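# Observations on the model geometry
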Amino acid sequence: MRKISFIGCYDKIDLILYIAKILVATDKKVLVIDSTVNQKAKYIVPVIKPTKAYVTDFEDIDVAVGFSNLNEIKEYLGMPIHAELPYDIALIDIDSYECIVNFGIDNSERNYFVTGFDLYTLKKGLEILSGLTEVINLTKVLFSKTATKEDDDYLNYLSLGYKIVWNEELIYFPFEVGDQSVIAENQRVAKIKFKKLSAQYKEALIYIVEQILNQDEYAKMKRIFKQLERGV
């Protein structure tokens, strides 16, 4: 099972679910793990009988809430600890150093740092990484009204001294162009729909999914995404 980690204190579970939806449409079996303190997935992903920790199905995505590590999920599913979880890809939402350790992001295939540019989100997000003892590679996923070099430079400045190597690519999601209203509307009807999202938001989603998929799957993914946009 390939692990992809999304790290930071920025609200990112919706982003992860939209990525998962595209991956599922390419015939991947996907597990989304919400390991965050607030456990937003508990409130936006429908579940019949929520308990302290559970795995539920949402639009063919398995969503795990309330677990501290992968072994707890195996135990919940009735699997031996040494067994591999039955998923192609796990997308993990992380907002604490404890979960960085417990979910072993050092062997994640990709690690994304998701942030806005208010000081709380920036500094609290980086604080999660302050306990790192080994250097990790991170890709920036930035939510901002406009993508400026000054913003990126400021993030680089704040992260000086951390055991981080920033990857060259920068993934930008627009802020205040209506996407949050569309996502909130989709939450109310318990659907993951792409049609009304901005072109920039959809392009950034596709870019992340392309990074996760193998190169020979790109063309298939783009064809399927067109179907998802139409709601087919």
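Here the structure is a predicted model, which is why all the values come from computation and not from measurement.

### What about the overall build of the protein chain?
- A tally of helices and strands in the protein chain yields nine helices and eight strands.
- Here the protein chain has a C-alpha radius of gyration of 17 Å; the compact-globule value for 232 residues is 17 Å, and the two agree.
- Projecting the C-alpha coordinates of the protein chain onto the three principal axes gives extents of approximately 45 × 40 × 35 Å.
- When contacts within the protein chain are restricted to residue pairs at least 6 apart in sequence, those whose partners lie at least 24 apart make up 76%.

### What to know about the sheet that holds strand β6 (residues 110–115)
- The eight strands are arranged β3-β4-β2-β5-β1-β6-β7-β8 in an open sheet whose pairing can be described as mixed. One side of each edge strand has no neighbouring strand; the edge strands of this open sheet are β3 (54–58) and β8 (164–174). Strand after strand, the sheet turns through a mean of 25° between neighbouring axes, direction not considered.
- In this structure, strand β1 (residues 2–7) lies alongside strand β5 (residues 89–94), joined through six bridges in parallel fashion. Opposite Ser 5, over in β5, you have Ile 92 as the bridge partner.
- Across the face of the sheet, helix α5 (residues 119–127) comes into contact with β6 and β8 while running at roughly 150° to β6.
- Packing against the sheet, helix α8 (residues 199–212) makes contact with β1, β5, β6, β7 (136–144) and β8, and its axis sits at approximately 145° to β8.

### Some remarks on the packing of α5 against helix α6 (residues 149–158)
- Between α5 and α6, whose axes approach to 10 Å, the crossing angle comes to 35°. The two elements α5 and α6 meet at a crossing, and its hand is right-handed. Across from Leu 119, Leu 122, Lys 123 and Leu 126 in α5, the residues of α6 making contact are Tyr 154, Leu 155 and Leu 158.
- Considered class by class, the residues forming the contact of α5 with α6 number six nonpolar, no polar and one charged.

### Some remarks on the side chain of Lys 21
- Positionally, Lys 21 belongs in helix α1 (residues 13–25).
- If near-sequence neighbours (up to four positions away) are discounted, Lys 21 is found in contact with Glu 59, Ile 61, Ile 192, Phe 194 and Leu 228.

### Section: the packing of aromatic side chains
- For the structure shown, the criterion picks out nine aromatic pairs.
- Where Phe 173 meets Tyr 201, the ring centres are 4.8 Å apart and the plane angle is 70°; that geometry is what we call edge-to-face. Taken together, the residues span a long stretch of sequence, with Phe 173 in strand β8 and Tyr 201 in helix α8 at a distance of 28 residues.
- A relative accessible area of 0% places Phe 173 in the buried class.
- Tyr 201 gets classed as buried once you look at its relative accessible area, which sits at 1%.
- Directly above the ring of Tyr 87 sits Lys 29, whose terminal nitrogen or CZ lies 5.4 Å from the centroid.

### Looking at α8
- In a regular helix each residue adds 1.5 Å, so 14 residues correspond to 20 Å; α8 covers 20 Å between its end C-alpha atoms and thus fits that length.
- Every buried residue of α8 is listed here: Tyr 201, Lys 202, Ala 204, Leu 205, Ile 206, Ile 208, Val 209, Glu 210, Gln 211 and Ile 212.

### Details of unusual backbone geometry
- Even without a glycine there, the phi angle at Asp 27 is positive, about 75°.
- If you trace the backbone, Asp 27 turns up in the loop between α1 and β2 (30–34).
- Accessibility expressed as a relative area gives 59% for Asp 27, which makes it exposed.
- For Ala 190, which is not glycine, the phi torsion reads 55° and is therefore positive.
- Along the chain, Ala 190 falls in the loop between α7 (179–188) and α8.
- A residue is classified by how much of its surface remains accessible, and Ala 190, at 27% relative accessible area, is partly exposed.

Scoring rules and cut-offs
Residues numbered from 1 in each chain as written. Predicted model: local features only at pLDDT ≥ 70, side-chain atom pairs only at ≥ 80, totals over all residues. Heavy atoms only, no water. Helix = DSSP H or I, 4+ residues; strand = E, 2+ residues; numbered from the N terminus. Rg over C-alpha atoms; globule rule 2.2 N^0.38 Å. Contact = heavy atoms within 4.5 Å. Pairing = 2+ DSSP bridges. Axes fitted to C-alpha atoms, helices over the stretch in contact; angles between N-to-C directions. Left-handed = near helix turned anticlockwise from the far one by under 90°. Nonpolar A, V, L, I, M, F, W, Y, C, P; charged D, E, K, R; others polar. Phe/Tyr/Trp six-rings, centres within 6.5 Å; stacked < 30°, edge-to-face > 60°. Buried < 20%, exposed > 50% of the residue type's maximum accessible area, 1.4 Å probe, protein only. Lys NZ or Arg CZ within 6 Å of the ring centre and 35° of its normal. Expected span 1.5 Å × (residues − 1).

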